[in-house]
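Close look at the chain arrangement
Here is how the chains run, residue by residue.
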Amino acid sequence: MAPPKVLMVAEKPSIALSIASTISGGQMHSRKGSTDVHEFEGMFIGLPAYFKVTSVTGHVFSVDFPAKYQDWSATDPIDLFQAPIQKTEANPKAHICRHLSQEAHGCSHLVLWLDCDREGENICFEVIQCTGFQVNDAKRKVHRARFSSVTGKDILKAMNCLVEPNKYEALAVDARQEIDLKVGVAFTRFQTGYFQGKYGDLDSRVISYGPCQTPTLGFCVQRYLQITTFKPEKFWALRPHIMIDGYELQLEWERHRLFDLDVALMFQKLVLQDRILEVTDMSEKQESKGRPPGLNTVNLLKIASSALGFGPQVAMQLAERLYIQGFISLNGNLGGYGHFHVFTFEPKLTNDSPRLYCESTAYPSSFDFKGTLGALANNPMWGDYVQGLLSDGYHKPQSGTDAGDHPPITPMRSANEDMLGRDAWRLYQYVCQHFLGTVSPDCKYIRTKVEFSIGGEFFHCIGLHVTVKGFTSIMPWLAVSEKNLPQFAKGDKIEVSKVELFEGQTAPPDYLSESELISLMEKNGIGTDASISAHINNICERNYVQVQAGRKLVPTALGITLIRGYQCIDPDLCLPDIRGFIEQQINLVAKGEADHSCVVQHVLEQFKQKYSYFVKQIDNMDALFEAQFSPLADSGRALSKCGKCLRYMKYISSQPSRLYCGTCEEVYYLPQKGTIKLYKELTCPLDNFELLIFAMAGPEGKSFPLCPFCYNSPPFEGIDTLFGVSKTSSSGKLGKGTGMPCFLCPHPTCRHSLIAQGVCACPECNGTLVLDPISAPKWRLYCNMCNCLVLLPQGAHRIATTRERCPECDSTIIEVDFNKNTTPLEDGATLHSGCILCDDLLHSLVEVKHGKSFFKRAGKWARARGRGGHRGRGRGLGKMDPKMSFRDF
DNA sequence: GCAAGGTC
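Residues numbered from 1 in each chain as written. Chains lettered and ligands numbered in written order. Predicted model: local features only at pLDDT ≥ 70, side-chain atom pairs only at ≥ 80, totals over all residues. Heavy atoms only, no water.

**So, the pattern of salt bridges**
Where we set the bar: The term salt bridge refers to a side-chain nitrogen of Lys or Arg lying within 4 Å of a carboxyl oxygen of Asp or Glu. Secondary structure elements follow DSSP: runs of H or I no shorter than four residues count as helices, runs of E no shorter than two count as strands, and numbering proceeds from the N terminus. To sort residues, take the accessible area from a 1.4 Å probe on protein chains only and compare it with the maximum for the residue type: under 20% means buried, over 50% means exposed, and anything in between is partly exposed.
For the structure shown, the criterion picks out 29 salt bridges. For Arg 176, the salt bridge is made with Glu 119, and the minimal N-O distance between the two is 3.0 Å. Of this pair, Arg 176 sits in helix α5 (residues 167–196) while Glu 119 sits in helix α3 (residues 118–131); the two residues are 57 residues apart in sequence, bridging distant segments of the chain. Taking the shortest distance from any N to any O, the salt bridge between Arg 144 and Glu 121 comes out at 2.8 Å. Remark: Glu 121 occurs in helix α3 and Arg 144 occurs in strand β8 (residues 141–144); sequence separation between them is 23 residues. Each member of the pair, Arg 144 as well as Glu 121, is classed as buried. Connected through salt bridges with shared partners, the residues Arg 118, Glu 119, Arg 176, Asp 180, Arg 579 and Glu 583 form a single ionic network.

**Some remarks on the UniProt feature "domain: Toprim" (unreviewed entry) in chain A**
Note the cut-off: UniProt positions are given in the numbering used here, feature names are shortened, and annotations may be inferred rather than shown by experiment.
Per the UniProt annotation, the sites labelled "domain: Toprim" (unreviewed entry) are residues 5–148. Annotated as residues 5–148, this span is 24% helix and 30% strand, and its ends, taken at the C-alpha atoms, are 26 Å apart.

**As for a nonpolar patch on the surface**
Note the following rule: Within the patch definition used here, like charges are joined within 9 Å and nonpolar side chains (Val, Leu, Ile, Met, Phe, Trp, Tyr) within 5 Å, considering only residues with over 30% relative accessible area and no salt bridge. For the accessible areas, the method is Shrake-Rupley and the probe is 1.4 Å, while residue cover comes only from the protein chains on display.
A cluster of nonpolar residues, Val 263, Met 266 and Leu 270, forms a patch on the protein surface that exposes about 220 Å² of accessible area. Tracing the backbone through its elements, the reader meets Leu 270 in helix α7 (residues 261–274). You can call Leu 270 partly exposed: its relative accessible area is 34%.

**Some points on helix α17 (residues 557–569)**
Filter applied, for reference: Helix span is expected to be 1.5 Å times the residue number reduced by one. Any two residues whose heavy atoms approach within 4.5 Å are treated as being in contact.
The end-to-end C-alpha distance of α17 is 18 Å, a good match for the 18 Å that 13 residues give at a rise of 1.5 Å each. Within the sequence span of α17, burial applies to Leu 558, Gly 559, Ile 560, Thr 561, Leu 562, Ile 563, Gly 565, Tyr 566 and Ile 569. Residues of α17 that are buried sit in contact with α5, α6 (213–228), β19 (552–555), α19 (596–616) and α20 (618–628).

**Thoughts on the pairing of strand β13 (residues 443–454)**
Put simply, the rule reads: Strands were regarded as paired on the criterion that DSSP finds at least two bridges between them.
Direction of pairing for strand β12 (residues 276–289) relative to β13: antiparallel, over a ladder of eleven bridges. By the bridge assignment for β13, Val 279 is matched with Phe 452. With eleven bridges joining them, β13 and strand β14 (residues 457–468) adopt antiparallel strand pairing. When the sheet's bridge partners are listed, Thr 448 is paired in β14 with Gly 463.

**Regarding the sheet that holds strand β9 (residues 234–244)**
Just so we agree on the cut-off: For helices, the fitted axis covers only the stretch in contact; all axes are lines through C-alpha atoms, and the angles between them, taken along N-to-C directions, range from 0 to 180 degrees.
On the basis of which strands lie adjacent, the open sheet formed by three strands has the order β10-β9-β16 and antiparallel pairing. The sheet is open, and its two borders are formed by β10 (247–250) and β16 (498–505), each paired with just one other strand. On average, adjacent strands in this sheet sit at an angle of 30° to one another, irrespective of strand direction. Two strands pair when backbone bridges link them, and β9 and β16 are joined in this way by eight bridges, in the antiparallel orientation. Across the sheet, residue Phe 235 finds its bridge partner in β16, namely Gly 504. Here α7 sits on the sheet and contacts β9 and β16; the angle it forms with β16, its principal contact strand, is near 165°.

**Quick look at unusual backbone geometry**
Cis geometry marks the peptide bond from Gln 655 to Pro 656, where omega comes out at 0°. By secondary structure assignment, the location of Pro 656 is in the loop between β21 (648–652) and β22 (658–661). The phi torsion at Arg 275 lies on the positive side, around 70°, for a residue other than glycine. Note that Arg 275 resides in the loop between α7 and β12. The phi torsion at Asp 810 lies on the positive side, around 75°, for a residue other than glycine.

**Examining empty space enclosed by the protein**
This is how the line gets drawn: Points on a 1 Å grid over protein atoms alone make up a cavity when a 1.4 Å probe fits among them but cannot get out, and a pocket when they form an open set with protein on both sides within 12 Å along at least five of seven lines; lining residues each have an atom within 4 Å of a point. Grid points are joined across faces, edges and corners, and a volume is the space filled by probe spheres set on the points. Charged means Asp, Glu, Lys or Arg here, nonpolar means Ala, Val, Leu, Ile, Met, Phe, Trp, Tyr, Cys or Pro, and polar covers whatever is left, Gly included.
Scanning the model with the defined rule gives six cavities of 30 Å³ or more in all. Here the largest cavity is characterised by a volume of approximately 90 Å³. In this structure, the largest cavity is lined by 14 residues; those nearest its centre are Cys 684, Cys 710, Cys 742, Cys 745 and Cys 750. When the residues that make up the lining of the largest cavity are grouped by side-chain class, the tally is eleven nonpolar, three polar and no charged.

**Some points on the environment of Thr 812**
We count it as follows: Within 3.5 Å is the distance limit for a polar contact, defined as a pair of N or O atoms, with the added protein rule that one can donate a hydrogen and the other accept it, and that residues adjacent in sequence qualify only through two side-chain atoms.
Its location among the elements puts Thr 812 in strand β32 (residues 812–817). Under the relative-accessibility criterion, Thr 812 is labelled buried at 2%. When the C-alpha positions of Thr 812 and Arg 205 are compared, they lie 40 Å apart, and in sequence the two are 607 residues distant. Within the local environment of Thr 812, its side chain forms a polar contact with the backbone oxygen of Gly 758, the two atoms lying 2.8 Å apart.

Structural data, given as structure tokens:
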């Protein structure tokens, strides 16, 4: 009998590789798939077995509303609270579900190696669903491996005590997903619709709300408000100076500072009257500054922002690259674990008692410090320092304090600036310095305090003398600065040289730094180490805050107005506790103390009430918007004439760009990310609106006419392809700015429709090549569906479509008026019409240019393709297969 | 066009 097959699934490919390497001892066969699969023979529960180890890439599924709730105008957001939700594949193109189902075929055991956190537990059940295993099936068993790090020791330990996946924890994640989706989307749709329908200069595509992003913004605005409401106060401080051996020394006042000038003056007078300082006490204390604990993701992001000037998103990208290239290990959810730990697993380092590491700043007991140090020993930058550590003995790092079950970020390989590039090098350098810091001695110094009295007042000065630099020699920015004091003796009497009355003023705090924000988010449980950067990025992209010099976060008028609005309607909405509340509720589910659907119902009911109240009170928030923003009617410049009232509409250029008819109070969205202008005062034959020309950005961006009304409300049935549909969205959702330009319009007689401007079938897809009407003198056709471009005879005076069709291939006959200096026609004739496929002259003058790649099939490309019976994607642009996309007419 | 969470 063949040995049983065991399928093991990890959360990401790198962990699958580590697990397979460990269990197989490196003796495995790997093959490609949606994700790699590693196969080998071994023992499972005491019997021979055939193993297959593969992975997912994070969540397999994500939640969303069904299609009927996707139309913003047709759905009242309050209905979303009770709406059904559905799970769809998070990345349909990756076919992870199919992959798992195929790999599971014929397997009698499933071992779940997903990360040991709540999200991982949830992914376990996603995997179970894809594989077709059942949790309580005695014949095909499901096992959960619980590992605290991806080290050889922990992997083998987990293999030997497999448990069951925890349904409660998975359900808690389901609950969070549903709550976040419903609350976020309901508030976002409502406030977007409300405020964008009234104001023209909000400059944000969407006025989003979310239980993470909004409190994040709240922190920034809170600081802003502290600054603007700050009242400076004057204060005074007495500063006596003494001269010793020609050096002047300034003493600090025990009272620090006073806010009353008269009182300060009185003390100054007392001191001046006495004139003699007496040394009343001297103390020396041995103090130390501890070496840092291991580096975790959040701290790396903070340092990257505050010391290196990299935003969290950039820092994550740099770190990921360094990880992939094997220069550093990563912890948290960033990139997983280095294989380093697996392959250099040394039993002799593990004589510590076995222990679970729950802190992401703590190193696993099996961490190979010697190996890691050895890897850095030849580096010219800090090689000497490393040699010193290796010969004098490195120190055991501090145990960390942060939660999470991942080992710290450490260097893996030596590198120099040339290998990494400037930015990555700076980050890598920090990782190395930090790692070396964690295994260096603490910094030790002696702190001397000398106390004085004069005129009944007390003063002091402090001296610092470093005895052991320790880790500060590799992290010099943390060094304790030496401060020498002259020799004093108790009872010494010294004459003051002057008694300054320093006048100062209290100052407001600075804007919140990104690094402070990250700390606040971490402290309040807003986001995770992997998502913190996304939330910060979010509030920047939505134009709520701007990152200014020194990575300070300055809220915009929009950000401030939103938060002030929540504060006056329902402050809970922007407080960090809102996340805490959700978290605490789903914790009950995770612990099995409350039923999943009861909790979801309960939490949603509360948010629904908050939502209703918010909608009811929106006037209060609107009063703040009114004071800050301009009504649509006052915004923008007059552009196209409305076909209903025949008055000019206003073009609102701030995103989302749109037209607003003040008389009809209607908004017409436009295609986004391009320029728009009037199209010669031409009008749409259907509704009389003035046509516009939209030009997409870039030299190859197509330009096309559109009718503002038709674009938003396609006039014919069966227009299932629209312009501007998000390509990344699986459900083909419609959004602002999607619509029907003239090149998709099937109007039979309009000069600008697909019928009039279409020339022939696109060689790349099912679309139609249409004439770009304003492309002169670089005349071209573009596909109305994909990005295929065809260059027409260059420099022609005019190129236009005619109403005639080619008798051979049914393409539209085009008419070309060549420039008389460059005309290819005999006798200087300039006018020529024909089919671009069948007319030899025209055909020789066209080139296909598709995206960045440029190709031309030796002048006969179209025919060759047709005649050869080539069955590629779509139909060829050939005379044997010439059907146009308007064949339906 | 919308949330937050994985990871690529």
